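Chain by chain, the residues:
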Number of protein chains: 2
Amino acid sequence: MVIENASSTTPTTLFTRVKTIASSLKIKHVIVDFAINIKKIAEVDSRRITHSLKVALAIIVVSMIYFVQPFYNGMGEAGLWAILTVVLVSEFTVGATLSKGLNRGFATLLAGALGVGAESFASVFGPTIKPIILGFLLFLIVALATFLRFAPSIKRRYDYGVLIFILTFALVSVSGYRVDKILKLAQQRFTTIVLAGAMCVIISMCVCPVWAGEELHKLIVNNLEKLASFLEGFGDEYYRTSNGDKSFLTAYKSVLNSKGTEESLTTFAWWEIGHGKFRFRHPWKEYLKVGVYTRKCAYHIETLNGHLEAKDEAHSKFKEAIKEPCMTMSSEVGKVLKELGSSLKLMIYPSSSAVHIKNCKEAVEELNTALRASMVAEYDIQEIIPVIASTSILVEIIKCAETISEAIEELSKQAHFLNIGLPQMLVSGGEEESITITIL
Amino acid sequence: MVIENASSTTPTTLFTRVKTIASSLKIKHVIVDFAINIKKIAEVDSRRITHSLKVALAIIVVSMIYFVQPFYNGMGEAGLWAILTVVLVSEFTVGATLSKGLNRGFATLLAGALGVGAESFASVFGPTIKPIILGFLLFLIVALATFLRFAPSIKRRYDYGVLIFILTFALVSVSGYRVDKILKLAQQRFTTIVLAGAMCVIISMCVCPVWAGEELHKLIVNNLEKLASFLEGFGDEYYRTSNGDKSFLTAYKSVLNSKGTEESLTTFAWWEIGHGKFRFRHPWKEYLKVGVYTRKCAYHIETLNGHLEAKDEAHSKFKEAIKEPCMTMSSEVGKVLKELGSSLKLMIYPSSSAVHIKNCKEAVEELNTALRASMVAEYDIQEIIPVIASTSILVEIIKCAETISEAIEELSKQAHFLNIGLPQMLVSGGEEESITITIL
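Residues numbered from 1 in each chain as written. Chains lettered and ligands numbered in written order. Predicted model: local features only at pLDDT ≥ 70, side-chain atom pairs only at ≥ 80, totals over all residues. Heavy atoms only, no water.

Undergrad: In this structure, what is going on with unusual backbone geometry? I would like to understand it.
TA: Working note: non-glycine residues mostly have negative phi, and peptide bonds are mostly trans. Backbone geometry places A:C208, a non-glycine residue, at a positive phi of 35°. Exposure remark for A:C208: the relative accessible area of 47% places this residue in the partly exposed category. (Buried < 20%, exposed > 50% of the residue type's maximum accessible area, 1.4 Å probe, protein only.)

Right, dumping it as structure tokens:
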């Protein structure tokens, strides 16, 4: 029917009609897509809206310097520096804003002083040689500073500062050659930058602040929880006893690549003052260590997940024979990570996870007993191989969970987390320690 | 003797002497450390020195605008914008410089036009309401633009552009309220930025250029080679038959975290024109896919490496029984990756790796035969478990190598790599395909 209708109109009108519908659909499509995207961005983190409003607010406040006549006369072209500062310093987290603000302030001061020094030094040689000397100094200092930006320790914390240092030194030493009001200009510019920077920092800290430290804390807790959900659900999934939401099977994948975020949050957190439950000089570096071990655990889970995806691991008698210890190992190591995550979240000493580590080790022992008891010859080797491979990975994961637990204990000590004190026998299992966690 | 000597002087002079030596040692230490660090930074990549000199050169060239009188009279305060542009646009790779330069240029143009539009629109309402309308527009546009920076697609390529858009729009709409020379100012500023940006791009492209695309290409090849070295050496290491340099055992670890670098290089490469062996619109995105599979392979290797580190896997009869196929699997999969790496490096169609994939599959078959033949009951299960676990991972790695091979084939097709054409039977193994690569 549709084909008949289409063929009854001439090809040209048909083409035009289709084109019109297509283009109207396309425009609608683009607008709807845009709206959906905007909504998505906001849904991922609603604080993004607050941040946008905060930046707009800071710009408006700084613009007042221009809008209101008396201020303008006092500040002159420096208002430009105020807007530049606000746009470049306003960052999502307090730590990043503080880092950029302080870097900008100190770099301007240092470069200004050095610029004035270079200017005075070059002036000694008279007006003919002065530009050559200034140019040479400029070349030398810019090249050296640019090179230093590659040093990892400088890149991590002071990259923006060195950039501003280069910029300011170039401006001062070049403008210095032209005008001698250099000191007045420098003082004015510095005051503007400090005022605008301070305003950004204050807005960032007081209006719905986003603290990098808190974000890092949440990220590490979240990552632990993601791994925990996978492991808690793994047993049921492996023995095909569950149906329902399977999102926990892929959630862990974000942990594989969280290194960059963790490192930058740690860098920013270093700049922050105490906030909420976190003191100034909270041991943020320890979070990085927990992150490293968590990621190592995630690598193992990635391999383990391959076993779930492989459809060739049918049910086998051998798999059934070790079902109970396997299910226990997986769910107990999941509980270890969950407990570690929640004690970290609540900032208490991670004593409750010790019980589950003990259970894990007992499950490994049970597995060993089951393996010793089962006459392996009874089973086809084809059945044994994949099951043993995944069980081995589970054992590796249990080892990983122990290192994570140790790292969180160290963090808890350094951060003076509350020790709610479970009975000592549960906290450190005494002679239990001697159970080695290897299969057999 | 030393103790006697020490006790013969009075405690105070001793203390002072020690302190002097310590502090002189410390200063020497600091200087030596600094020199060593500088040397290290340069050694990692000597092009860092070139880059520093390039930036310094660009600054000097731009400073001429200030130093030479007639230029200064013509350019005015715009010289400031030239230096700003050079400092902010000069990046290590050509792609990053181009990206920043183009972003800066277009964002300035767009924001300037929009600023003039806003100014004219607000002027309609008379001088009293004008600042309120301009302020409202400024708030709205800054908030919206800041929010859009969170959109992943914008963040990836246009983040700097949006930042400059906000900055320019704020400056234009604010200064516009004050002076009506806005158009002349805008034109002057735009010309300066375009000239300075163009100069940076030209210096970046012509003086010892570092192309992001080429860097990405090298990084992916390097990563493949690192995994290949591990796998080629794994067999000897696992059977403790080798001594010597073991650096290949840890080199692969950098692959685990190369996602960020790969993604940013791909983004920068997108901006680059054709260079060397790479045409404009080289399929850079395909490199990302190869990167994903390479990383997945690296996760498996991380797990496999755990088996090397575990000291409890003693030599066992079972391990010896499957030594030959295991050694072959590991060395052949290493060769697959090595061949893939070198064909990618030479930009030829990866036909030579097919032979080794075939060998891998045959080795897996051999392993299966060996397993079938061996009466598993003969061995202690304790011997079997760790060996089977590591062998399973090797099989997973072989699967991974196949997906990497497919991804590189796809890349080779899209990039029109040279097909030097090996005999067809080797290129695609025909009936060989049916060999499934699972243990048994």
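Okay, back to it.
Undergrad: Hey, could you run me through the interface of chain A and chain B in this one?
TA: Interfaces are often described in size by the accessible area the parts lose on coming together. Facing the 71 residues of chain A at the interface are 69 residues of chain B. Buried surface at the junction of chain A and chain B, summed over both partners, amounts to about 7,100 Å²; 80% is from carbon and sulfur atoms. At the boundary of chain A with chain B, the tally comes to two salt bridges. With its nearest N and O atoms 3.7 Å apart, the salt bridge here joins B:E302 to A:K296. For the pair chain A and chain B, the number of links is five residue pairs in polar contact (both at pLDDT 80 or more). Those elements that provide at least two residues to the side of chain A that touches chain B are α2 (11-44), α3 (47-67), α4 (69-75), α5 (78-89), α7 (126-148), α8 (152-178), α14 (284-309) and α18 (381-414) of chain A. Looking at side-chain class alone, the side of chain A that touches chain B contains 50 nonpolar, 13 polar and eight charged residues. (Contact = heavy atoms within 4.5 Å. Buried area = accessible area lost by both parts, 1.4 Å probe. Salt bridge = Lys/Arg side-chain N within 4 Å of Asp/Glu carboxyl O. Polar contact = N/O pair within 3.5 Å; in protein donor to acceptor, adjacent residues only side chain to side chain. Helix = DSSP H or I, 4+ residues; strand = E, 2+ residues; numbered from the N terminus. Nonpolar A, V, L, I, M, F, W, Y, C, P; charged D, E, K, R; others polar.)

Undergrad: Even after reading the chapter, I still don't get the relation of the copies chain A and chain B, so can you show me in this structure?
TA: What relates the pair of chain copies is a rotation about an axis plus a shift along that axis. With an axial shift of 0.0 Å and an RMSD of 0.1 Å, the rotation relating chain A to chain B amounts to 180°. Within this description, the copies of the chain are treated as partners about a two-fold rotation axis. Most of the interface of chain A is mirrored in chain B, where 97% of its interface residues are also at the interface. (Least-squares fit on C-alpha atoms with pLDDT ≥ 70 in both.)

Undergrad: Would you mind showing me how to read the nonpolar core here?
TA: Nonpolar side chains tend to gather and get buried jointly when the protein is soluble and globular. Core analysis: the largest hydrophobic core is formed by 129 residues, its most contacted members being A:L337 and B:L337. Sequence-distant contacts of A:L337, that is, excluding residues within four places in its chain, are made with A:L224, A:L227, A:A228, A:L231, A:C297, A:A401 and A:I404. Among the nonpolar cores identified, the runner-up in size contains 86 residues, and A:A118, B:A107, B:V162 and B:L171 belong to it. (Core = buried A, V, L, I, M, F, W, Y, C linked by side-chain atoms within 4.5 Å.)

Undergrad: Which parts of the structure should I look at to understand a nonpolar patch on the surface?
TA: A cluster of nonpolar side chains, namely A:F121, A:V124, A:F125, A:I129 and A:I132, defines an oily patch on the protein surface of about 520 Å² accessible area. Tracing the backbone through its elements, the reader meets A:I132 in helix α7. (Patch = residues over 30% accessible without salt bridge, like charges linked within 9 Å, V, L, I, M, F, W, Y side chains within 5 Å. Areas by Shrake-Rupley, 256 points an atom, 1.4 Å probe, with all protein chains shown as cover.)

Undergrad: What's the story with the domain arrangement of chain A in this structure? I'm lost.
TA: All names here are of chain A. Under the domain assignment, chain A is made up of domain 1 (47-206) and domain 2 (212-426). Taking the mean C-alpha position of each, domain 1 and domain 2 sit 47 Å from one another. With 13 residues of domain 1 at the interface, the matching set in domain 2 holds nine residues. With both sides pooled, the region where domain 1 packs onto domain 2 buries about 1,000 Å², and carbon together with sulfur makes up 67% of that total. Broken down residue by residue, the surface that domain 1 buries against domain 2 is led by R47, T93 and R157, which jointly contribute 40%. A salt bridge links E215 to R47, with the nearest nitrogen and oxygen atoms 2.7 Å apart. (Domains from an automatic or database assignment.)

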